[in-house]
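Per-entry structural report
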Amino acid sequence: PRPWDEVEYYYPISSRMVAEGQWIIPRLPDGLPFLQKTPLVFWFQATSITVFDDSLFAARIPSILFGLATALLVYHMVQTLYDWRTGLTAGLVFLSAPMISIHNHSATTADLDIYLIFFGSAFVWLVWQRYDSTWWMAVAGITGAAAVLAKSLAPAIFLLTLAPLVIRHW
């Protein structure tokens, strides 16, 4: 079974963006503005619908790609700290974690959470690894902003994750 959000809200909103050419304010099928969620995910889905066709599968493609990208990010982080086998195991464990495999159907739905997980994790990793580089901090800022555009205030948890590093560095 598909999550109700995917079928009733997210895909129709993205489809409507493409059909009407109105990409700024997401709108529900009845035309009312949908301001409960931030627009980044709808933009990714609408772009995919534009490229591939107006279908639920096309709306799911960005989620699938971000799920795989997050698994690769987890692999990269862990193999940098340990070795490639541990990194590979961590990437596979990520894909099989209940939040991903059950709630997000292995990141194959047009759900919003995988974008937050990817951008938030990338933000923490970049700040943790490269906090002494102005250029990398700018990249980290972009990933942090993307996390906010993906899921509103939920990325605050990633700032709390970095609090010990900020305190130590200060």
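This report concerns the structure included in the present document. Everything numeric in this text was worked out from a predicted model, so none of it was measured.

Turning next to the overall build of the chain. Helix and strand content of the chain: eight helices and zero strands. The secondary structure elements of the chain, listed N-terminal to C-terminal, are α-α-α-α-α-α-α-α. Considering the chain as a whole, with its 170 residues, one finds that 42% of them fall into the buried category. Looking at the chain alone, contacts between residues at least 24 apart form 59% of all its contacts between residues at least 6 apart. In the structure as shown, the chain presents an accessible area of about 9,700 Å², 69% of it carried by carbon and sulfur atoms.

Okay, helix α4 (residues 84-96) next. Taking 1.5 Å of rise per residue, the 13 residues of α4 would be expected to cover 18 Å, and the 18 Å separating its terminal C-alpha atoms lies within 8% of that figure. Within the span of α4, buried status applies to Gly87, Ala90, Gly91 and Phe94. Along the axis of α4, the buried positions cluster into a sector of 100°, meaning they face one direction only. Exposed side of α4, more than 90 degrees from the buried face: Arg85 and Leu92 are the residues found there. The residue sitting at the N-terminus of α4 and contributing the capping side-chain oxygen is Asp83; that oxygen lies 3.1 Å from the backbone nitrogen of Arg85.

Another aspect to go through is empty space enclosed by the protein. For the coordinates displayed, the defined rule picks out one cavity of 30 Å³ or more. In this structure, the largest cavity encloses a volume near 30 Å³. Ile13, Arg16, Met17, Glu20, Gln22, Ile25, Pro26 and Arg27 are the residues that line the largest cavity. Class assignment for the residues of the lining of the largest cavity results in four nonpolar, one polar and three charged.

Attention now moves to the environment of Leu159. Here Leu159 is to be found in helix α8 (residues 156-169). The exposure class assigned to Leu159 is exposed, which follows from its relative accessible area of 52%. Spatially, the C-alpha atom of Leu159 lies 9.1 Å from that of Gly144, the residues being 15 residues apart in sequence.

Okay, the side chain of Ser121 next. Topologically, Ser121 is positioned in helix α6 (residues 113-130). Beyond its immediate chain neighbours, meaning those up to four positions away, Ser121 contacts Leu73, Met77, Leu116 and Phe158.

With that out of the way, let us pick up the pattern of salt bridges. Any two side chains of opposite charge can pair, so long as their charged atoms come close to each other. Inspection of every chain in the model, using the stated rule, returns two salt bridges. A salt bridge links Glu20 to Arg16; the nearest nitrogen and oxygen atoms lie 3.1 Å apart. Residue Glu20 and its partner Arg16 are located together in helix α1 (residues 4-20), separated by four residues, close to a single helical turn. The exposure class assigned to Glu20 is partly exposed, which follows from its relative accessible area of 46%. You can call Arg16 partly exposed: its relative accessible area is 22%. The salt bridge partner of Lys151 is Asp113, with a shortest N-O separation of 2.8 Å. Placement of the pair is Lys151 in helix α7 (residues 134-151) and Asp113 in helix α6, with a sequence separation of 38 residues.

Rules used in this analysis
- Residues numbered from 1 in each chain as written.
- Predicted model: local features only at pLDDT ≥ 70, side-chain atom pairs only at ≥ 80, totals over all residues.
- Heavy atoms only, no water.
- Helix = DSSP H or I, 4+ residues; strand = E, 2+ residues; numbered from the N terminus.
- Buried < 20%, exposed > 50% of the residue type's maximum accessible area, 1.4 Å probe, protein only.
- Contact = heavy atoms within 4.5 Å.
- Areas by Shrake-Rupley, 256 points an atom, 1.4 Å probe, with all protein chains shown as cover.
- Expected span 1.5 Å × (residues − 1).
- Arc of directions from axis to C-beta.
- Polar contact = N/O pair within 3.5 Å; in protein donor to acceptor, adjacent residues only side chain to side chain.
- 1 Å grid on protein atoms, 1.4 Å probe; cavity = no way out; pocket = protein on both sides within 12 Å on 5 of 7 lines; lining within 4 Å.
- Points joined across faces, edges and corners; volume = space filled by probe spheres on them.
- Nonpolar A, V, L, I, M, F, W, Y, C, P; charged D, E, K, R; others polar.
- Salt bridge = Lys/Arg side-chain N within 4 Å of Asp/Glu carboxyl O.

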